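Read off the chains here:
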Amino acid sequence: MDAAMKLNKYIEEATFDVKEQVKLFERTAIINQEKVLESFRQAKISNYHFQTSTGYGYGDVAREGIEEVFKIVFKAEKALVRGQLASGTHAIACCLYGLLRPGDKLISITGTPYDTLQSVLGNRSQVLGSLTDFGVQYQEVPLNFDLKPDLKGISCIISKEKPKLVLIQRSRGYHWRPSLSIKEIGSLIERVKEISPNTICFVDNCYGEFVEEKEPIEVGADIIAGSLIKNPGGGIATAGGYIVGKEELVELAAARLTAPGISGKVGATLVDPRLLFQGFFIAPHTVKQALVTAAYASSMFSLLGMEVSPMPTDDRTDIIQAIKLGSKEMLLAVCKAIQEISPIDSFLTPEPSPMAGYDDQVIMAGGTFIQGSSIELSADGPIREPYILFLQGALTSEHGKIAIDHVVKKLIETGII
Ligand SMILES: *Cc1c(COP(=O)(O)O)cnc(C)c1O
């Protein structure tokens, strides 16, 4: 079989393979779109919400409007949605520093948290200004051999330590472990609260928004956070992060973002607020585009004989597709191909490099409209065995398909597979 025929055969098979899955994504997108639409109607969003503000940002209607719709959609008591939250890591850090005090215990119950949180925790090494440096006691419960949370271990440590806060990470991050479904998050929280009702359950919701019909607060989370250049920004928001949850907890996180006393009441909207509203409005649709792309990629790479997670027809709870490529050469080749089939910076070649917050060198491909946006098609991976590629996003499933087909074509052409 020549290269073109081989490629066509894979495309045909993969398209067929994910058909049913795509229908499920469509159903979820409609439910979430209704939810978002309803929040806009309820909050009476109007053109006057689309203005920036200056100075302290007192009486900032854009800020109040966007926080109202987030609050409604996530079923929270209070929301903090700000351009001043520099990233997902910053939003999460605001929660942890806002809620924890010296001597308090913090336990990650879903294994080792996302790479950029390591410096925040001060877990692996002494980091000045980390939570450990501030006297917070950090522990983690490793995942089970099946890469699922260790319920026994969790019950045991929660009974013993009665921690101030537990950290639950919904998405796999840069790990091979499967992401946690909303249902699994619900049972974890239930278990924690049974043993220790006062323990705050915090969920890192990055990459999870709008993938399922519910969000973590609906299954008992006290406070959650995420990034606006991932799912809830819809590929339109230009920067920012969000924190939603119980009123007094979000208030403490806000006091950390600005200062006690002024907390969430100040902070001018400098980012064009229309982009935040519009991005949030189309986010359920954009997330669907990303999911279609992820399932298709999963199918294509498994046809190529690679180990993938999730499998093409698995249920999903985040937008990440992990693919075990097995060699550095393959990782570089795939990233190069993704970059050259991107709308922006298609003429550049991605190179592995050190990145703030990450231990290993990382290669990142992503010719995105918004710098570092990973709801747009992007592929990255730490340069470490077994060379797992993490693929996420695509503003349109059409671009996603074109890109995946291009990658596979390149791999066949260069004889790498
Ligand atoms: C992306 C991500 C974060 C935050 O990363 P930023 O690049 O700072 O937005 C945190 N946790 C998980 C699981 C993530 O995927």
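Not measured: the values here are computed from a predicted model. (Residues numbered from 1 in each chain as written. Predicted model: local features only at pLDDT ≥ 70, side-chain atom pairs only at ≥ 80, totals over all residues. Heavy atoms only, no water.)

Caption draft 1: Spotlight on the overall build of the protein. Of the regular secondary structure elements, the protein holds 11 helices and 12 strands. A compact globule built from 417 residues would reach a C-alpha radius of gyration of about 22 Å, and the protein, at 21 Å, matches this within 12%. Taken over the C-alpha atoms alone, the protein extends approximately 70 × 50 × 35 Å along its principal axes. Counting across all 417 residues of the protein, residues that qualify as buried make up 56%. In the protein, the share of contacts with a sequence separation of at least 24, taken over all contacts with a separation of at least 6, comes to 70%. (Helix = DSSP H or I, 4+ residues; strand = E, 2+ residues; numbered from the N terminus. Rg over C-alpha atoms; globule rule 2.2 N^0.38 Å. Buried < 20%, exposed > 50% of the residue type's maximum accessible area, 1.4 Å probe, protein only. Contact = heavy atoms within 4.5 Å.)

Caption draft 2: Spatial organisation of the environment of Asp222. Here Asp222 shows up in the loop between strand 5 (200–204) and strand 6 (223–227). A C-alpha to C-alpha distance of 6.1 Å links Asp222 and Ile200, two positions 22 residues apart in sequence. For Asp222, the residues in contact, after removing those within four places along its chain, are Lys193, Thr199, Ile200, Cys201, Gly245, Lys246 and Leu249. In this structure the side chain of Asp222 is engaged in a polar contact, spanning 2.5 Å, whose partner is the side chain of Lys246. (Polar contact = N/O pair within 3.5 Å; in protein donor to acceptor, adjacent residues only side chain to side chain.)

Caption draft 3: Fine view of the side chain of Gln169. Along the chain, Gln169 turns up in strand 4 (residues 165–169). Relative accessible area serves as the criterion here: at 5%, Gln169 is assigned to the buried category. Within the structure, Gln169 has its side chain in polar contact with the backbone nitrogen of Tyr114 (distance 2.8 Å). In contact with Gln169, not counting residues within four places along its chain, are Thr110, Pro113, Tyr114, Arg177, Leu180 and Asp204.

Caption draft 4: Spotlight on the pattern of salt bridges. Scanning the model with the defined rule gives 21 salt bridges in all. With a closest N to O distance of 2.8 Å, Arg41 and Glu38 form a salt bridge. With a gap of three residues between them, Arg41 and Glu38 both fall in helix 2 (residues 19–42), about one helical turn apart. A salt bridge links Glu184 to Lys148; the shortest N-O distance between them is 2.7 Å. Taken together, the residues Glu184 in helix 7 (residues 182–195) and Lys148 in the loop between strand 3 (137–140) and helix 6 (151–161) connect sequence positions 36 residues apart. Since its relative accessible area comes to 24%, Glu184 is described here as partly exposed. (Salt bridge = Lys/Arg side-chain N within 4 Å of Asp/Glu carboxyl O.)

Caption draft 5: Molecular detail of the packing of aromatic side chains. Evaluated as defined, the whole model comprises 14 aromatic pairs. When the ring of Tyr114 is compared with that of Tyr174, the centres are 5.9 Å apart and the planes differ by 35°; the resulting orientation is tilted. Of this pair, Tyr114 sits in the loop between strand 2 (105–108) and helix 5 (117–121) while Tyr174 sits in the loop between strand 4 and helix 7, and the two are 60 residues apart along the sequence. Tyr174 sits in the buried class, given a relative accessible area of 6%. Sitting above the plane of the Tyr207 ring, Lys230 keeps its charged end 4.1 Å from the centroid. (Phe/Tyr/Trp six-rings, centres within 6.5 Å; stacked < 30°, edge-to-face > 60°. Lys NZ or Arg CZ within 6 Å of the ring centre and 35° of its normal.)

Caption draft 6: Local environment of the sheet that holds strand 8 (residues 307–309). With respect to topology, five strands assemble into an open sheet ordered 8-9-12-11-10, the strand pairing being antiparallel. This sheet does not close on itself; its edge strands, each paired only once, are strand 8 and strand 10 (362–365). Strand after strand, the sheet turns through a mean of 20° between neighbouring axes, direction not considered. Bridge count for strand 9 (residues 321–324) against strand 12 (residues 388–392) is four bridges, and the pairing is antiparallel. Each residue of the ladder has a partner; that of Gln321, found in strand 12, is Leu391. On the sheet, helix 10 (residues 328–340) packs against strand 10, strand 11 (378–382) and strand 12 and is oriented at approximately 25° with respect to strand 10. (Pairing = 2+ DSSP bridges. Axes fitted to C-alpha atoms, helices over the stretch in contact; angles between N-to-C directions.)

Caption draft 7: Representation of helix 7 within the structure. When the terminal C-alpha atoms of helix 7 are compared, their 20 Å separation across 14 residues agrees well with the 20 Å that a helix rising 1.5 Å per residue should span. Within helix 7, burial applies to Ile182, Ile185, Gly186, Leu188, Ile189 and Val192. Along the axis of helix 7, the buried positions cluster into a sector of 165°, meaning they face one direction only. Residues of helix 7 that are exposed and angled more than 90 degrees away from the buried face: Lys183, Glu190 and Glu194. Buried-residue contacts for helix 7 involve helix 6, strand 4 and strand 5. (Expected span 1.5 Å × (residues − 1). Arc of directions from axis to C-beta.)

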